[in-house]
Every structure is written in C-alpha cells, then in structure tokens.
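Working through the structure, step by step
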Amino acid sequence: ENTVTRAQMAVFLLRGIHGSGYTPPAVGAGTGFADVPTNHPVAAWLKQLAAEGITGGCGNGNYCPDAAVTRAQMAIFLLRSKYTSAYTPPPANGDFTDVPLDHLMVAWIEQLAVEGITGGCGAGVYCPDGNVTRAQLAVFLVRTFNSP
C-alpha cells in the first residue's frame, strides 16, 4: 500500500515499454533535471524517461523524484508509455463526476477508462488527486502493457 514515487514510476514504465531486463543508457554528464544529480540512484532512468518524451518533469526544470504520483499524472504516464510521446487522447465526455471537462488531464483520464485500464476509484469517480499505491500500479501496468 506504499505510494509510488515519480522516481519509481520511471523504472516501472521503462521496464513496461522495453521489458523486465531493460537497463537505460548511462546517465552521462547530466540528467536534464535541476533536482536530479547524476549520482541519484535512478538518474539514468529519469533521463531516459524524458528522452523518450514520456515526461518533461514536474515544472521549472525539475523532476520531483520523491513526490508521489497522482492518479491524474499516472494517466498521462501510462498512455504516453503505451503509445509514444506523440499520442493525444480523443476529447473527453465528462465520464467521471470528479473530473470536470476543464480539468487539464480529463481526456487522458477518460481514455484509461475507455481502454479498460481503470474503472475509477468507485461510484463514478476517478480520484484524480489521489496518490497511486504500488498495488494499484501493478494492476494498471499489467492492463496497459498486456502483461501476463
């Protein structure tokens, strides 16, 4: 039931994309993120996630590796990982009562439901600001990458 950090998410996503034995290229001279030094335990993973266009970080040149991943952020992470950085979901319909049509991530969230990756967090809601647990992410990853 521990929450998933943004650093952990990078490892999970890249292994989902490239396979469980994947190791990213060496980090080199810099990570591209002001808050991620080259000696950070997952620096190479974070740099590669950005190189593949799955994330641009959390803003202001940072990645926020220790921050928890919200369910809204997870929607973008998963769909970009599944379809590439060029993917844009179709327009939203307002399927979840707690995700208004003007929510920044509404289309991403609804596409997760359309694809059967999530059904929300119960009773017609998605809980976009809720943190993702490791148990929940395991289910989302299996459904996203069609893992056995």
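Residues numbered from 1 in each chain as written. Predicted model: local features only at pLDDT ≥ 70, side-chain atom pairs only at ≥ 80, totals over all residues. Heavy atoms only, no water.

Counted as a void, the largest pocket has a volume near 200 Å³. Forming the walls of the largest pocket are Arg6, Ile54, Thr55, Gly56, Gly57, Cys58, Gln73, Ile76, Phe77, Arg80, Leu104 and Met105. For the lining of the largest pocket, the element with the highest residue contribution is helix H3 (residues 71–83), accounting for four residues. A per-class count over the lining of the largest pocket returns six nonpolar, four polar and two charged. (1 Å grid on protein atoms, 1.4 Å probe; cavity = no way out; pocket = protein on both sides within 12 Å on 5 of 7 lines; lining within 4 Å. Points joined across faces, edges and corners; volume = space filled by probe spheres on them. Helix = DSSP H or I, 4+ residues; strand = E, 2+ residues; numbered from the N terminus. Nonpolar A, V, L, I, M, F, W, Y, C, P; charged D, E, K, R; others polar.)

Per the counting criterion, the structure on display carries two disulfides. Here Cys58 is linked by a disulfide to Cys64, with a sulfur-sulfur distance of 2.0 Å. Of note, the bridge from Cys58 to Cys64 carries an S-S torsion of about 65 degrees and is right-handed in sense. A relative accessible area of 36% means that Cys58 is categorised as partly exposed. Two residues, Cys121 and Cys127, share a disulfide whose sulfurs are 1.9 Å apart. Because the sign of the S-S torsion sets the handedness, a value of about 75 degrees for the bond joining Cys121 and Cys127 places this disulfide among the right-handed ones. What makes Cys121 partly exposed here is its relative accessible area of 37%. Here Cys127 falls in the partly exposed class, since its relative accessible area comes to 30%. For the chain, the bonded cysteines pair up as 1-2, 3-4 when numbered in the order they occur along the sequence. (Disulfide = S-S within 2.5 Å. Buried < 20%, exposed > 50% of the residue type's maximum accessible area, 1.4 Å probe, protein only.)

A word on the pattern of salt bridges. What the rule picks out here adds up to one salt bridge. For the salt bridge of Glu115 with Lys82, the shortest nitrogen-to-oxygen distance reads 2.7 Å. Separated by 33 residues along the polypeptide, Glu115 in the loop between helix H4 (106–114) and helix H5 (134–145) and Lys82 in helix H3 bring together distant segments of the chain. Take Glu115: its relative accessible area is 24%, and that puts it in the partly exposed class. (Salt bridge = Lys/Arg side-chain N within 4 Å of Asp/Glu carboxyl O.)

In this section: the environment of Ala107. With respect to the helices and strands, the residue Ala107 is situated in helix H4. For Ala107, a relative accessible area of 17% corresponds to the buried category. Sequence separation between Ala107 and Ala75 is 32 residues, and the spatial gap between their C-alpha atoms is 9.2 Å. What Ala107 contacts, discounting residues up to four positions off in sequence, is Pro89, Pro90 and Ala92. (Contact = heavy atoms within 4.5 Å.)

The subject of this paragraph is the side chain of Thr55. Inspection of the secondary structure puts Thr55 in the loop between helix H2 (43–51) and H3. On the basis of relative accessibility, which here comes to 9%, the residue Thr55 falls in the buried class. Reaching out from Thr55, the side chain makes a polar contact with the backbone nitrogen of Gly57 at a distance of 2.9 Å. Those residues in contact with Thr55 that sit more than four places away from it in its chain are Arg6, Leu49, Ala50, Tyr63 and Phe77. (Polar contact = N/O pair within 3.5 Å; in protein donor to acceptor, adjacent residues only side chain to side chain.)

Attention now moves to unusual backbone geometry. The phi torsion of most residues other than glycine is negative, and most of the peptide bonds are trans. With a phi close to 55 degrees, Asn60 is a non-glycine residue in the positive phi region. Since its relative accessible area comes to 80%, Asn60 is described here as exposed. If you check the backbone angles, Cys64 has positive phi at about 60 degrees while not being a glycine. By secondary structure assignment, the location of Cys64 is in the loop between H2 and H3. Note on Cys64: relative accessible area 26%, which makes it partly exposed.

These results come straight from atomic positions and should not be treated as a statement about function.
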